[in-house]
Amino acid sequence: MSKPAKAAVFSAGSWGTAFGMVLADAGCEVTLWARRAEVAEAINSGRTNPDYLPGVELPENLRATTDPAEAAAGADFTFLSVPSQTMRANLAEWTPLLAPETVLVSLMKGVELGTTMRMSEVIEDVTKVGVDRVAVVTGPNLAREIAARMPAAAVVACTDETVARRLQAACHTPYFRPYTETDVVGCELGGAVKNVIGLAVGIADGMGLGDNAKGSLITRGLAETARLGIALGADPLTFSGLAGLGDLVATCSSPLSRNHTFGTNLGKGMTLEETIAVTRQTAEGVKSCESVADLARRHGVEMPITETVVDIVHEGKPPVVALKELMSRSAKPERR
Ligand SMILES: NC(=O)C1=CN([C@@H]2O[C@H](COP(=O)(O)OP(=O)(O)OC[C@H]3O[C@@H](n4cnc5c(N)ncnc54)[C@H](O)[C@@H]3O)[C@@H](O)[C@H]2O)C=CC1
Ligand SMILES: O=C(CO)COP(=O)(O)O
């Protein structure tokens, strides 16, 4: 029997912990890096992570440490799950500690502000590891549902399909079904932009605009995601898959989604400050709406829903005004 794969997961937030469970259930030997000692202690002694996944019993083969070198040592796969905007600084610190042949896997769904880089690009830029050793896991994977071992499918993407297959085997469980992909660009854009569209749908829900508005925003949101993807060399079919439509539907329908909830609070009339104050976990779309809009402008791609989210979230435009402007844009064919 071959020995179990060794996995390091940075860090022990909602998704890092839930995905650590998936890996442990798939038979990997898993070490989670936690930023705070009390989180590592609760995982090791109490088999819980009360801050991020309260009420969830964690498997025995999931260990935690606050020592990044201990977490990284000998890992076949190193999973990265921190807020996208801190990834570059975090990884600069961890790079000297990484196991020499480790595959670096982004679990994150964001685009870096300023550089407009996708997370795999940031990983390559900081570590100088080649694309064939950088992968992505994405799809409709709300952490709390995965931690309850509720069924879900996902995509594991790497330009090197052999690596994607190894990763697939490392995280395949009876409740978590990963499919391989080689379109890393499309998979990452699908994940990052769906957070922005999730904010838009949340705002519409908070305003009580109804299900027709939701269906329209999801569909037009997917259309602008695909437009950006095509401009960046993605395969348009990726957006009708799990990384596109699948994730968008889960996020835009679920009260578990932090982005959707953030938008709902804004749509109900909370100020940005009030909304931030009641949001305890990472809602990536709040920052990534700006980097996605920036990326689109650089490539001459029109993304009216994304621009509207930027206006509401960062420019203080009242949602009713933004809605009127969005609805009165010039008439055009559905496909162009
Ligand atoms: N929660 C979910 O359902 C899913 C989340 N994701 C993605 O996973 C990524 C992480 O999100 P979550 O785990 O949900 O967020 P979270 O807010 O639950 O956890 C964030 C983690 O990052 C750590 N962290 C925060 N600031 C840090 C810093 N400056 N340096 C080092 N560590 C820091 C926190 O201690 C915490 O462990 C995001 O990109 C998100 O889009 C992807 C799929 C599902
Ligand atoms: O990415 C997610 C589900 O796939 C989680 O969405 P939120 O970050 O909005 O909670």
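Everything numeric in this text was worked out from a predicted model, so none of it was measured.

1. Looking at the site of ligand 1
Line of reasoning, step 1. Surveying the vicinity of ligand 1 reveals 23 residues, the closest of which are Ser 14, Ala 143, Arg 258, Thr 282 and Glu 284.
Line of reasoning, step 2. Here an oxygen atom of ligand 1 and a backbone polar atom of Ala 143 are 2.7 Å apart.
Line of reasoning, step 3. For ligand 1, an oxygen atom lies 2.9 Å from a polar atom in the side chain of Arg 258.
Line of reasoning, step 4. Protein coverage of the free-state accessible area of ligand 1, which is 830 Å², stands at 88%.

2. Focus: the pairing of strand 7 (residues 152-157)
Line of reasoning, step 1. Counted residue by residue, strand 7 has six buried out of six residues, so it is predominantly covered.
Line of reasoning, step 2. Pairing between strand 6 (residues 134-138) and strand 7: three bridges, direction antiparallel. Its bridge partner being in strand 7, Thr 138 is matched across the sheet by Val 155.
Line of reasoning, step 3. For the handedness criterion, the β-α-β arrangement of strand 7, helix 7 (residues 161-170) and strand 8 (residues 176-181) is classed as right-handed.

3. Some details on the nonpolar core
Line of reasoning, step 1. Within the largest apolar cluster, 43 residues are counted, with the highest numbers of intra-cluster contacts made by Trp 15, Phe 19, Leu 23, Phe 79, Val 105, Leu 167 and Phe 176.
Line of reasoning, step 2. At seven residues, helix 1 (residues 14-25) tops the list of elements feeding residues into this core.
Line of reasoning, step 3. Residue contacts for Leu 167: discarding those within four places in its chain leaves Phe 77, Phe 79, Val 105, Ala 135, Val 136, Val 137 and Val 156.
Line of reasoning, step 4. Ile 203, Cys 252, Val 301 and Val 310 belong to the second largest nonpolar core, which has 38 residues in total.

4. Looking at the packing of aromatic side chains
Line of reasoning, step 1. Overall, the coordinates contain seven aromatic pairs when judged by the stated rule.
Line of reasoning, step 2. Relative to Trp 94, the ring of Phe 10 lies with its centre 4.4 Å away and its plane at 35 degrees, an arrangement referred to as tilted. Here Phe 10, found in strand 1 (residues 6-10), pairs with Trp 94, found in helix 4 (residues 87-94); they are 84 residues apart in sequence, far enough to count as distant. In this pair, the class of Phe 10 matches that of Trp 94, namely buried.
Line of reasoning, step 3. Where Trp 33 meets Trp 94, the ring centres are 5.0 Å apart and the plane angle is 65 degrees; that geometry is what we call edge-to-face. Here Trp 33, found in strand 2 (residues 29-33), pairs with Trp 94, found in helix 4; they are 61 residues apart in sequence, far enough to count as distant.
Line of reasoning, step 4. Residue Trp 33 is classed as buried on the basis of its relative accessible area of 10%.
Line of reasoning, step 5. Cluster of aromatic residues (ring-pair linked, three or more members): Trp 15, Phe 19, Phe 77, Phe 79 and Phe 176.

5. Examining the UniProt feature "binding site: NADPH" (unreviewed entry) in the chain
Line of reasoning, step 1. UniProt records the feature "binding site: NADPH" (unreviewed entry) at Ser 14, Trp 15, Arg 35, Arg 36, Tyr 52, Lys 109, Ala 143, Arg 258 and Glu 284, using the numbering of this structure. Separation in sequence by 271 residues is matched in space for these annotated residues, since their most distant C-alpha atoms are 22.8 Å apart.
Line of reasoning, step 2. Locating Arg 258 in the fold gives a position in helix 11 (residues 258-267).
Line of reasoning, step 3. Contacts of Arg 258, omitting those with residues within four sequence positions, involve Ser 14, Gln 281, Thr 282 and Ala 283.
Line of reasoning, step 4. Here Glu 284 is to be found in the loop between helix 12 (272-278) and helix 13 (285-298).
Line of reasoning, step 5. On the basis of relative accessible area, Glu 284 is assigned to the buried category, the value being 11%.
Line of reasoning, step 6. Among residues more than four places away in sequence, those in contact with Glu 284 are Val 82, Pro 83, Ser 84, Lys 109, Asn 195 and Asn 259.

6. With respect to the site of ligand 2
Line of reasoning, step 1. Neighbouring ligand 2 are the residues Lys 109, Gly 139, Pro 140, Asn 141, Leu 142, Lys 194, Asp 247, Thr 251, Leu 256, Ser 257, Arg 258 and Asn 259.
Line of reasoning, step 2. Contact between ligand 2 and Lys 194: an oxygen atom at 2.8 Å from a side-chain N or O atom of the residue.
Line of reasoning, step 3. Here ligand 2 has 310 Å² of accessible area as a free molecule, and 92% of this is covered by the chains.
Line of reasoning, step 4. Where the shell around ligand 2 is concerned, the elements lending two or more residues are helix 10 (242-253) and helix 11.
Line of reasoning, step 5. Residues of the shell around ligand 2, tallied by class, amount to three nonpolar, five polar and four charged.

7. Quick word on the UniProt feature "binding site: sn-glycerol 3-phosphate" (unreviewed entry) in the chain
Line of reasoning, step 1. The residues that UniProt annotates with the feature "binding site: sn-glycerol 3-phosphate" (unreviewed entry) are Lys 109, Gly 139, Lys 194, Asp 247, Ser 257, Arg 258 and Asn 259.
Line of reasoning, step 2. Structurally, Lys 109 can be placed in the loop between strand 5 (103-106) and helix 5 (119-127).
Line of reasoning, step 3. Contact partners of Lys 109, with chain neighbours within four places excluded, come to Ser 84, Thr 138, Gly 139, Gly 191, Ala 192, Lys 194, Asn 195, Asp 247 and Glu 284.
Line of reasoning, step 4. Within the structure, the side chain of Lys 109 is placed 3.0 Å from the backbone oxygen of Gly 139, a separation counted as a polar contact.
Line of reasoning, step 5. Tracing the chain through its elements places Asp 247 in helix 10.
Line of reasoning, step 6. Every residue in contact with Asp 247, bar those within four places of it in the chain, is listed here: Lys 109, Thr 138, Gly 139, Pro 140, Asn 141, Gly 191, Lys 194 and Leu 242.
Line of reasoning, step 7. Polar contacts involving the side chain of Asp 247 include one to the side chain of Lys 109, which spans 2.8 Å.

8. Focus: the state of the cysteines
Here, disulfide denotes a covalent bond that connects the sulfur atoms of two cysteines.
Line of reasoning, step 1. Applying the stated rule across the entire model yields zero disulfides.
Line of reasoning, step 2. With no disulfide of its own, Cys 187 lies 11 Å from the sulfur of Cys 158, the closest cysteine sulfur.

Conventions and cut-offs
Each chain carries its own residue numbering, running from 1 in the direction its sequence is written. Here every chain gets a letter starting at A, and every ligand a number starting at 1, in the order they are written. Confidence filtering applies because this is a predicted model: local features only for residues at pLDDT of at least 70, side-chain atom pairs given and counted only at 80 or more, and all residues used for totals across whole chains, interfaces and linings. Based on all heavy atoms of the structure, the side-chain values leave hydrogens and waters out of the count. Here a residue is considered near a molecule or strand provided that any single heavy atom belonging to it is located within 4 Å of it. Distance and chemistry together define a polar contact, namely a pair of N or O atoms within 3.5 Å, with one atom able to donate a hydrogen and the other to accept it when in protein, and with adjacent residues in sequence counting only for side-chain atoms on both sides. Only the protein chains shown count as cover for residues, and all accessible areas are computed by the Shrake-Rupley method using a 1.4 Å probe. Throughout this description, buried means an accessible area under 20% of the type-specific maximum (1.4 Å probe, protein chains only), exposed means over 50%, and partly exposed covers the range between. We count a stretch as a helix when DSSP gives it H or I for four or more residues in a row; a strand needs E for two or more, and each element gets its number in order from the N terminus. Strand pairing requires that DSSP identify at least two bridges connecting the strands. Crossovers are marked right-handed if the path from the first strand over the helix to the second runs clockwise, as seen with the strands pointing away from the viewer. We define the nonpolar core as a collection of buried residues of types Ala, Val, Leu, Ile, Met, Phe, Trp, Tyr and Cys that are connected through side-chain atoms lying within 4.5 Å of one another. Any two residues having at least one pair of non-hydrogen atoms within 4.5 Å are treated as being in contact. In summary, the pairing rule links any two rings of Phe, Tyr or Trp, Trp by its six-membered ring, whose centres are within 6.5 Å, and it sorts them by plane angle into stacked for under 30 degrees, edge-to-face for over 60 and tilted for everything else. UniProt positions are given in the numbering used here, feature names are shortened, and annotations may be inferred rather than shown by experiment. When residue character is reported, Ala, Val, Leu, Ile, Met, Phe, Trp, Tyr, Cys and Pro are called nonpolar, Asp, Glu, Lys and Arg charged, and the others, Gly included, polar. Here, two cysteine sulfur atoms that lie within 2.5 Å of each other are counted as a disulfide.

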